[in-house]
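# Observations on chain architecture
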Amino acid sequence: MTDSLNAERMQAFARDWIANWNRRDVEAVLGHFTDDPVFISPLAATITGEREVRGKEALRAYWKRASAQSTSLRFDLIEAICDVPAQTLVVFYRAEKDGAARTAVEIMRFEDGRQVSGEALYGAAL
């Protein structure tokens, strides 16, 4: 039996994800992932040397290190776009880090209600 996410649960996930990051609660963010996720981000390359982070422990290390390097972090949800059949959620948000703001998108994929992958894409500075 699969535990697929419906549109309502995806929308709630997006709101919770934003709130978790605004609290810098890395463990809450990680709590939705499987043990072997893949996360892709151009910012990961600046911290880890690679744009692709594999595994929950590596993701934890990356996010904790990145979080420690910033003095302020705030996300504001612009829109959450749900593709229920594909179990994909696109979170479009405004990201402010250390006083600099830009738009960002995270593409999240789920299996059995757990996040298996994510990719972060960053837009122009605001």
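Described below are features of the structure shown in this document. Since this is a predicted model, take the numbers as computed values, not measurements.

Moving on, we come to the sheet that holds strand β3 (residues 73–83). Strands sit in the order β2-β1-β6-β5-β4-β3 across an open sheet of six strands; the sheet is mixed. Edge positions in the sheet fall to β2 (52–54) and β3, since each of these pairs with one other strand and no more. Neighbour to neighbour, the strand axes of the sheet diverge by 20° on average, direction disregarded. Along the sheet face, helix α1 (residues 7–22) touches β3, β4 (88–97), β5 (100–111) and β6 (114–125) and points at about 165° away from the line of β3. Each of β1 (33–40), β2 and β6 touches helix α4 (residues 56–68); the most contacted strand, β1, lies at about 55° to it.

Right, let's talk about the pairing of β4 for a bit. Pairing of β3 with β4 involves ten bridges; the strand directions are antiparallel. Looking across to β4, one finds that Ala80 is bridged to Val91. Between β3 and β4, which pair antiparallel and follow one another directly, the connecting turn spans four residues, one of which, Gln87, has a positive phi of 55°. Where β4 meets β5, ten bridges bridge the pair, whose relative direction is antiparallel. Considered in β5, the bridge of Arg94 is made with Thr103. Connecting the antiparallel pair β4 and β5 is a turn made up of two residues, with Asp98 showing a positive phi of about 50°.

Analysis parameters
Residues numbered from 1 in each chain as written. Predicted model: local features only at pLDDT ≥ 70, side-chain atom pairs only at ≥ 80, totals over all residues. Heavy atoms only, no water. Pairing = 2+ DSSP bridges. Helix = DSSP H or I, 4+ residues; strand = E, 2+ residues; numbered from the N terminus. Axes fitted to C-alpha atoms, helices over the stretch in contact; angles between N-to-C directions. Contact = heavy atoms within 4.5 Å.

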